[in-house]
Each structure stands twice: as structure tokens, then as C-alpha cells.
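Secondary and tertiary structure notes
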Amino acid sequence: VYALGDCALIKNQSLPCTAQVAKQQAQYLAKCLNQLNEKDIHPFMYYPKGMMVYVGEWTAVADLKQREVSGRTA
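Moving on to the overall build of the protein. The helix and strand tally for the protein stands at one helix and three strands. By residue count, 19% of the 74 residues in the protein fall in the buried class. Put simply, 27% of the contacts in the protein that link residues at least 6 apart link residues at least 24 apart. Carbon and sulfur atoms make up 56% of the accessible area of the protein, which totals about 6500 Å².

Consecutive side chains along a regular strand alternate between the two faces of the sheet. Summarising the sheet, strand β1 (residues 50–56) and strand β2 (residues 59–64) pair through six bridges and their orientation is antiparallel. Looking at the pairing, Y54 lines up with A60 of β2. Once β1 ends, the chain turns through two residues before running back antiparallel as β2, passing E57 with a positive phi of about 50°.

So, about the environment of A22. Note that A22 resides in helix α1 (residues 19–34). The class of A22 is partly exposed, set by a relative accessible area of 25%. Considering only alpha carbons, one finds A22 and A3, 19 residues apart in sequence, at a separation of 9.6 Å.

Moving on, we come to α1. The first and last C-alpha atoms of α1 sit 22 Å apart over 16 residues, in line with the 22 Å expected at 1.5 Å per residue. The set of residues buried in α1 consists of Q20, V21, Q24, Q25, L29 and C32. Each buried residue of α1 sits inside an arc of 165° when the element is viewed along its axis, so together they form one side. Away from its buried face, by an angle of more than 90 degrees, α1 presents the exposed residues A19, K23, L33 and N34. In the core, the buried residues of α1 are packed alongside β1.

Moving on to the confidence of the model for the protein. Averaged over every residue, the pLDDT of the protein is 79; residues scoring 70 or more account for 86%. Mean pLDDT across the elements of the protein bottoms out in strand β3 (residues 68–71) (67) and peaks in α1 (88).

As a further point, take the environment of Q13. One can find Q13 in the segment before α1. Q13 gets classed as partly exposed once you look at its relative accessible area, which sits at 25%. Measuring from C-alpha to C-alpha, the distance between Q13 and M45 comes to 9.4 Å, with 32 residues separating the pair along the chain.

About the thresholds
Residues numbered from 1 in each chain as written. Predicted model: local features only at pLDDT ≥ 70, side-chain atom pairs only at ≥ 80, totals over all residues. Heavy atoms only, no water. Helix = DSSP H or I, 4+ residues; strand = E, 2+ residues; numbered from the N terminus. Buried < 20%, exposed > 50% of the residue type's maximum accessible area, 1.4 Å probe, protein only. Contact = heavy atoms within 4.5 Å. Areas by Shrake-Rupley, 256 points an atom, 1.4 Å probe, with all protein chains shown as cover. Pairing = 2+ DSSP bridges. Expected span 1.5 Å × (residues − 1). Arc of directions from axis to C-beta. pLDDT = per-residue confidence, 0-100.

So this is what it looks like as C-alpha cells:
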């Protein structure tokens, strides 16, 4: 049984309920289903690429891997 996206729960892992997580989980599942040898399947690992939120009135906040950006630039 596989669960993807915000309905998925992985023991000892707290993941944000975002499309970024769901996309990575879907790619992982596709790879697992295409594996011929079950011994080659590794546990799912989430690699955050950053978050961005629009606050309003030309203002946003971005938390990227290398730096944080806010205001009109974000």
C-alpha cells in the first residue's frame, strides 16, 4: 500500500503538506514500481528545494537553499 502527498505518513519523519513533497514521493514511487530487484529500493528521502509564500501587496517571503529573500525581490 502506498500513500502520497498530504495523506502520507512516514514513521519518524515530519514532512510539510506541499506539492513539492507529493511530487518527490510520486517520483520515488514510480522508481520503486519500476525496480526489478526489491533489494535495490531505499527508503524515501525528502530533499527540500525551498519555500515561497505570497503575503500580499507585492510582498512575499522566500526561503531558498542558500539564502532567505523577502519583499518585492521574492
